[in-house]
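Structural features, examined
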Amino acid sequence: MQLNGSRFGAFILILLQSLQLVQAENLIRATGLTQCSDSAEVTVNNFKAVFTPRNNSISIIFDGYSEVAGEVLIDVELLVYGYRALNLSFDPCSLDLAVFCPMKAIELQIPTITETLGDDILDQIPSISYGVPDIDAIVRLKLKYKSGGKQITCLETRLSNGKTIYQAGVSWTLAVITGLGLVTSSVISLLGHSNTATHLAFRSLAFLGFIQSQAMVGMTSVKLPPFVQSWTQNLQWSLGIVKSKDLQTIATWFQRSTGGQPSSVLTSSSLVSTVLQKRSAIHRRAAEEGSQILLRGIERVGIRASVELSNIFMTGYLFYYFVTAVVVACVAVVLLVRALLAKKQTSLPELDRTMGAAGDWKSILRNTFFRLACIGYPQMCILCLWELTRRDSAAEIVLAVTMWVVTTGVLAFATFKVFQRAIRSKQQHNTPAYTLYSDPATLNQWGFLYIYYRAPVYYFLVPTLVYTIAKGMTIAFAQPAPVAQSIILLIVEILMMLATAIIKPFMSKGANVIAIIATVLASLNSIFILVFSNIFDQPPLMTGILGVLFFILNAIFTLVLLIYLLIGIVFAIFFKKPDTKYKPLGDDRNSFLWSGTGTTTELSSLEKIARGEEDAEGHPHPAPVVTAPPSDEDVSMAARRPYNDVVDPSLPLFPTSYDHTRRSS
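Heads up: these notes are all about the structure in this document. Within any chain, residue numbers begin from 1 and follow the written order of that chain's sequence. For a predicted model such as this one, the threshold for reporting local features is a pLDDT of at least 70, and the threshold for listing and counting side-chain atom pairs is 80 or more; totals across whole chains, interfaces and linings nevertheless cover every residue. Side-chain descriptors were evaluated using all non-hydrogen atoms of the structure, hydrogens and water having been removed beforehand.

Focus: the environment of Met314
Along the polypeptide, Met314 turns up in helix α9 (residues 312–344). Residue classification places Met314 among the buried residues on the basis of a relative accessible area of 3%. Along the primary structure Met314 and Gln248 are separated by 66 residues, whereas in three dimensions their C-alpha atoms are 8.5 Å apart. Not counting residues within four places of it along the chain, the set of residues in contact with Met314 comprises Ala251, Phe254, Glu396 and Leu399. A helix here means a DSSP run of H or I that spans at least four residues, while a strand means a run of E at least two residues long, and both kinds are numbered starting from the N terminus. Here's how the labels work: a residue is buried when its accessible area is under 20% of the maximum for its type, exposed when over 50%, partly exposed in between, all with a 1.4 Å probe on protein chains only. Every residue pair with non-hydrogen atoms within 4.5 Å of one another is taken to be in contact.

Topic: the packing of aromatic side chains
By convention here, two paired aromatic rings are described through the distance between centres and the angle between planes. Aromatic rings from Phe, Tyr and Trp, taking only the six-membered ring of Trp, are treated as a pair when their centres fall within 6.5 Å; an angle between ring planes under 30 degrees marks them as stacked, one over 60 as edge-to-face, and anything in between as tilted. Applying the stated criterion to the full structure yields 19 aromatic pairs. Considering the side-chain rings of Phe210 and Phe557, the 4.9 Å spacing of their centres and the 80° angle between planes classify their relative orientation as edge-to-face. Note that Phe210 is positioned in helix α4 (residues 194–219) and Phe557 in helix α19 (residues 540–574), a separation of 347 residues in sequence. Take Phe210: its relative accessible area is 3%, and that puts it in the buried class. Owing to a relative accessible area of 6%, Phe557 belongs among the buried residues under this scheme. Note on Tyr437 and Tyr450: the rings are 5.8 Å apart at their centroids and 85° apart in plane angle, and the pair reads as edge-to-face. Of the two residues, Tyr437 is situated in helix α14 (residues 433–438) and Tyr450 in helix α15 (residues 440–450); the sequence distance between them amounts to 13 residues. For the pair Tyr437 and Tyr450, a shared accessibility class is recorded, and that class is buried. Through pairs of rings, three or more aromatic residues link up here, namely Phe202, Tyr452, Tyr453, Phe460 and Phe506.

Thoughts on the pairing of strand β4 (residues 57–66)
Strands are treated as partners if at least two bridges between them are detected by DSSP. In this sheet, β4 lies alongside strand β3 (residues 42–52) in antiparallel orientation, the contact comprising 10 bridges. The partner of Thr43 across the bridge, within β4, is Tyr65.

Here's the deal with the state of the cysteines
Put simply, a disulfide is two cysteine sulfurs that come within 2.5 Å. Taken as a whole, this structure holds one disulfide when the rule is applied. Covalent S-S linkage joins Cys36 and Cys154, the inter-sulfur distance amounting to 1.7 Å. Since a negative S-S torsion denotes a left-handed disulfide, the Cys36-Cys154 link at about -90° is left-handed. In this pair, Cys36 sits in the loop between β2 (34–35) and β3 while Cys154 sits in strand β9 (residues 151–160), placing the two residues 118 residues apart along the sequence. Classification of Cys154 by relative accessible area gives buried; the value is 3%. Cys381 forms no disulfide, and the closest cysteine sulfur to it belongs to Cys384, at a distance of 8.2 Å. For Cys381, a relative accessible area of 0% translates into the label buried.

Here's the deal with the pattern of salt bridges
Any carboxyl oxygen of Asp or Glu within 4 Å of a side-chain nitrogen of Lys or Arg constitutes a salt bridge here. For the structure shown, the criterion picks out nine salt bridges. A salt bridge links Asp136 to Arg158; the shortest N-O distance between them is 2.5 Å. In this pair, Asp136 sits in the loop between α2 (119–122) and β8 (137–145) while Arg158 sits in strand β9, placing the two residues 22 residues apart along the sequence. The closest approach of N and O atoms between Glu156 and Arg140, which form a salt bridge, is 3.0 Å. Here Arg140 lies in strand β8 and Glu156 lies in strand β9, a separation of 16 residues in the sequence. Several salt bridges converge on common partners, so that one network encompasses Arg140, Glu156 and Lys223.

Examining empty space enclosed by the protein
Picture a little ball the size of a water molecule; that probe, rolled over the atoms, points out where space is still empty. Any residue with an atom within 4 Å of a point lines the site, the site being either a cavity, points on a 1 Å grid over the protein atoms alone where a 1.4 Å probe fits but cannot get out, or a pocket, an open set with protein on both sides within 12 Å along at least 5 of 7 lines. Grid points are joined across faces, edges and corners, and a volume is the space filled by probe spheres set on the points. Taken as a whole and assessed by the stated rule, the structure comprises nine cavities of 30 Å³ or more. Volume-wise, the largest cavity comes out at about 990 Å³. What lines the largest cavity is a set of 37 residues, among which Leu205, Gly209, Tyr453, Thr464 and Phe506 lie closest to the centre. It is α4 that contributes the most residues to the lining of the largest cavity, nine residues altogether.

Topic: the side chain of Gln379
With respect to the secondary-structure elements, Gln379 resides in helix α12 (residues 377–390). Once you skip the residues sitting within four places of it in the chain, Gln379 turns out to touch Ser238, Leu239, Gly240, Gly316, Tyr317 and Tyr320.

A word on the pairing of strand β1 (residues 28–31)
Because side chains alternate across β1, one face comprises the buried residues Ile28 and Ala30, and the other comprises Arg29 and Thr31, none of which is buried. Pairing geometry for β1 and β3, over four bridges, is antiparallel. Bridged to Ala30 within β3 is Ala49. Here β1 runs beside β9; their pairing, made up of two bridges, is antiparallel.

Topic: unusual backbone geometry
Even without glycine at this site, Arg391 takes up a positive phi of about 55°. If you trace the backbone, Arg391 turns up in the loop between α12 and α13 (394–429). On the accessibility criterion, Arg391 (62% relative accessible area) is exposed. Of note in this structure, Asn534 is not a glycine but carries a positive phi near 65°.

Right, dumping it as structure tokens:
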């Protein structure tokens, strides 16, 4: 077959300006043609094009149906980051294919054809096209009649050079560092460094929360630029979307055994084109007439992670239980080690103050599940509610409803208990901090909800939970309506940003700065999403620039949070007295701790004097033989406390326990 060099060559160069690379070889690939107009005269089942500069060859596969009859011309546009890099028109008769000259209303099937391109065409392709990751390049084909020039239809394909910032190593690194921060905060808490443990746990959860926020952007159904898709894909593990053959096998087996019909998008990808975006109901109907699969939102995220559409919910569900099992195993090891150290009567004073009998393991495990429910709640809000629209099987719907209702009920009940104790403390002692931090039962069971907030602003946990539910529902239920979804997300994010910036609810100035910046970026991301939904009908160049800007801003702040977390881990591990690296918290919580460690305040000194541990000059004082009888208030507080000592206030991931026989009343 002899091709007409310059015109078709330029068309091929466009058609190959940015495709998916395999291994280290330079190539450009296109997969799938989608409609970019309201007409659907051409239906595509399968389209693939691969250009390999090593041997100057291009191979094309096309399978579809055409309702166009007559002589036509094809206008070709190459858009790179929205900039029109090339615009030309050619006659398809130059392809020497009978189906194009003239075009007929028949099924179009072009088997694999391979052609060699001339050097004049290769010279038009800049070398940078093979090296820029996630290059945002689109080839747009407009068919029009040769006589009169009336446009018939518009098709476009996104190009890729195979270089991407979506790397499994990035996901694993971020996951390991997040887990390391949470585990380290727990160990430091056991060693008695309460202030360090509190700050380190906050840094870990702030890092995880910001990662989850970006992953939610990737789950929105708007048409995201390649940079945004790939960057957010790195973070989907935080919402339970992970690549695992074992999880896929279990999920598929469970669905089949409960009457569901597993999808086969991944297995049929060699026969049909998979396009990771769909634009409107018209184009969806056109896709249904053929076999080309068009995906967006949560489905797009799942396919990029090699998760079948029907397995997305079960993958997140099983991953959550896997993490729970790992954490419970770690807690069991800690309890065992603690019991052995208690038997040896270790001489470390910090560990001696924080270790107690191992008989409260049921309480520790129960509270561990509470904390895991809080950490995994954003994931469950999205996947469980989305499954109600997906309906993979009746059993999976039951699991989704049960999981969401249980986790929501647990967190709502915990919130109610916190409010109940805080209100009573405020009535009796003029401050909510008294009961929230002096009552070990309250602190040990429900402290994971309010420990990072200033004591007077404990109520901020309610806006946080409402924010999570509203965001999860919007992403789960508004998948078919990207514009409405982006508008609601913008409203939710702005309200959360204003609440955080005005109230400044967190325990320290640094924590509030980090939280405010995170909410500002989340609001800015929601503005980006609104623009990506094309509600403003902006130029494509603007969309391309904002996609790069999204990546830069979020990657920089993620790096800042990562360094912020690593510094906290270094302080905790390598400093003998890490509490000295942090200022005492300014909400008077330490004033109500009977055995606080790491800080020295006037109230704690008076407390030791009152208990007879020191004299007025700060010297140790022997315990008096005769003690005054307890007051009515002491008796009342003792009656409400399961222990006479106070727990460590950090509670990073799972609580520590305290020996209730250590101090006599």
